[in-house]
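Here are the chains, one letter per residue:
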Amino acid sequence: MSNDAATTATPQAVDGPQPQSQPPAHGLGASLPPADARAKTEGTFPYAADLWAEGLLWAAILRSPHPHARITSIDTSAALDMPGVRAVVTHQDIPGDSSYGRRIADRPVFASEIVRHHGEAIAAVAADHPDTARLAAAAIAVEYEPLEPVTDPEKAFAAEPLHPDGNLIRHIPLRYGDPDVAGEVIVEGLYRIGRQDPAPIGAEAGLAVPRPDGGVELYVASTDPHTDRDLAAACFGLEQDRVKVVVTGVPGATGDREDPGFQLPLGLLALKTGCPVKLTATREESFLGHAHRHPTLLRYRHHADTEGRLVKVEAQLLLDAGAYADASSESLAAAVAFACGPYVVPHAFIEGWAVRTNNPPSGHVRGEGAMQVCAAYEAQMDKLSAKLGLDPTELRLRNALATGDILPTGQTVTCPAPVAELLHAVRDFPLPDLPKDTPENGWLLPGGPEGAGEPGAIRRGVGYALGMVHMLGAEGTDEVSTATVKVHDGIATVICAAVETGQGFATLARQIVQETLGIEEVRVASVDTDQPPAGPAAHGRHTWVSGGAVERAARMVRTQLLQPLAHKFGMSTELLQITDGKITSYDGVLSTTVTEAMDGKELWATAQCRPHPTEPLDDSGQGDAFVGLAFCAIRAVVDVDIELGSIRVVEMAVAQDVGRVLNPAQLASRIEAGVTQGVGTALTENLRTARGLVRHPDLTGYALPTSLDAPDIRIVKLVEERDVVAPFGAKPASAAPVVTSPAAVASAVRAATGRPINRLPIRPQAAVAIPNS
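Draft legend 1. Inspection of unusual backbone geometry at higher detail. Residue proline 761 follows leucine 760 across a cis peptide bond; omega there is 0°. Mapped onto the fold, proline 761 is located in the segment after β31 (759–760). With phi around 45°, aspartate 326 is a residue other than glycine that occupies positive phi space. Here aspartate 326 is to be found in the loop between β16 (310–322) and α8 (328–337). The phi torsion at phenylalanine 728 lies on the positive side, around 70°, for a residue other than glycine. Checked against the element boundaries, phenylalanine 728 lands in the loop between β30 (712–719) and α16 (735–753). A relative accessible area of 9% means that phenylalanine 728 is categorised as buried.

Draft legend 2. Here's a closer look at helix α9 (residues 370–388). The end-to-end C-alpha separation of α9 is 27 Å, in line with the 27 Å expected for 19 residues at 1.5 Å each. Along α9, 15 of the 19 residues are buried, which leaves the element largely enclosed by surrounding structure. With its phi angle positive at about 70°, glycine 389 sits one or two positions after the end of α9.

Draft legend 3. Focus on the nonpolar core. Ranked by size, the top nonpolar core spans 111 residues in total, and within it Tyr300 and Leu317 carry the most contacts. Counting residues in each nonpolar core, the second largest holds 54 residues, with Ala221, Val250, Ala492 and Ala605 among its members.

Draft legend 4. Quick look at empty space enclosed by the protein. Going through the model one piece at a time under the given rule, you end up with four cavities of 30 Å³ or more. Reported here for the largest cavity is a volume of approximately 640 Å³. Contributing to the lining of the largest cavity are 35 residues, with Gln503, Gly540, Arg670, Ala733 and Ser734 lying nearest its centre. Taken together, the elements giving at least two residues each to the lining of the largest cavity come down to β18 (458–474), α12 (505–517), α13 (541–569) and α15 (664–683). Split by residue class, the lining of the largest cavity holds 14 nonpolar, 15 polar and six charged.

Thresholds, definitions, all that
- Residues numbered from 1 in each chain as written.
- Predicted model: local features only at pLDDT ≥ 70, side-chain atom pairs only at ≥ 80, totals over all residues.
- Heavy atoms only, no water.
- Helix = DSSP H or I, 4+ residues; strand = E, 2+ residues; numbered from the N terminus.
- Buried < 20%, exposed > 50% of the residue type's maximum accessible area, 1.4 Å probe, protein only.
- Expected span 1.5 Å × (residues − 1).
- Core = buried A, V, L, I, M, F, W, Y, C linked by side-chain atoms within 4.5 Å.
- 1 Å grid on protein atoms, 1.4 Å probe; cavity = no way out; pocket = protein on both sides within 12 Å on 5 of 7 lines; lining within 4 Å.
- Points joined across faces, edges and corners; volume = space filled by probe spheres on them.
- Nonpolar A, V, L, I, M, F, W, Y, C, P; charged D, E, K, R; others polar.

Written as structure tokens, this is what we have:
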């Protein structure tokens, strides 16, 4: 991966960097490194898998080998008779709610009568050694009556109900404009998006410790601890104040971390045995247990006039939710709302469905819903440009969305929407040099120097994509976060239940306090559910909502600090400023340090941040469902061996709408990570199933992109047009490149091969060029 991304993270023109002032050493705008960077680099950072407790027992979970079956009996006697086994729990041992779900409580903690997906939990064991626990789990005798699995989401509509709630989770019929309008030019397409796994670096792990009051503490890498606490308390039949979730280090998160399906058996075992119980999932268990990106089938018809201006978009979107609902309703809303992309479309008719099947469960993965439709609508734009004989970028520019335009949901785009500016930036950025046909550069060829291809079979392709994502929750979600800032002895402490998942919130919180109070040493307290809730770590919400709460609390402390000085000198606090730990007045009469002004006192304040409300989409898919939007443009350059179908992504040029750069180095790393994840979506990542059975649930069968697969990533422009309703004016950085980059890679492969490329990930046979193309 190129190092240029870090050096181009500040805005610059496409013809070279512009003069810029020296970046600050701390506060907003500084590339402040994470406080835990050294510990993580040295391997001393404590993750859940590293935790220990006196009298520790080990847990293992028995999972179904069938995707669909009726359970006729469960016999745990052989497991209980094994030396070292302390407890076995099944559905009969759940004192509270037997089903859970962050959105819809439709997923059983343990299957009792029906198994609905491969790997569903049946029972859990606690033993004095991890090997004993696994052997005991395997010794549990379960008799199954296999049932015919429903694995085709199109057949789920007519199939027998797989769940008491039925097979249809949600249907959204979006109606916007005149259905009878037609364009002079029409293109159609059918597209399929595969099942992407979050594949976190660290598999799920946790520790449950019973409390003297009959409650339990869960030490897990949760990204939404208060919701997890509430689900656990309901399952355990306990009051919420008797269950505590303590967030450990999060070893990677591109979606929901620590599915409750791993946490709840732990707590049940700890309560039953009265001992601490630990679980460390194998990679196979991780693949089988947590949620994945929704596989999606998309049918599109685009209408345009002869000048290339869009007239109408018709689409049918079918999301495979797997066995349970999870985040499918929210994912479908994003898919339907963004089905036309960041383009002006006067007439749109979109049908969206999310259905249950016997496939692995789907859920929240970064850019859910938006990524799938981006791949499809950008393929349609490529088809339309080819049919009209227009340059692909020119077609996109003629239809680009801008501030003040209206989405097909009827919502007016009130936030900055510099879509055309982003596309101009990547289009005008210089293309990379062609590889030289020399032996020493063999590693630059698709497949590397050991590949069987010939240099003469290599074709270069250039493709473009525009993507959009929403910020925060949607459709009436009550977004609120609470933060406390304390200052004592020259040290500031931030207390906020916003989980640091790698998105940089802990670093941002330090920068906010440095900026507001002029105190360089800022500590961020660890997160647990004794603190007020801050909500989940998704959709950039902690930068906005939790960062906003931290800023408000810090400003309240600032007022407490400056008020006595202002009163003493007969001026308002607005006439005082804090810079580098010094307080000065506008006229220079007052000059003192923050430490002197504190005079040994402790100051603190608590504040909340709650963005403006949204509303659910109505029966016609209309409504102001989103707080704000963020946009991205990417140009992909690929080399394809048109005889073998092997693909190498050479370069990804990125221009992004970020609102404001709060930490240049951190922002660059987030964009690079998002682009690389998108490259995996485009080329390699696909959790394959055969009649509902997961094939090769490991990191050998599931191919993640490595550093050798990562292309040069050039951040050519960051548009800093602040969103006035957002704290600091910043927008989320990670999801937009994840959404946009797969579509850009597919567009580039299309350009190189002449093939339609209507499926992600791109199979080698799909990239073999058409003869004479």
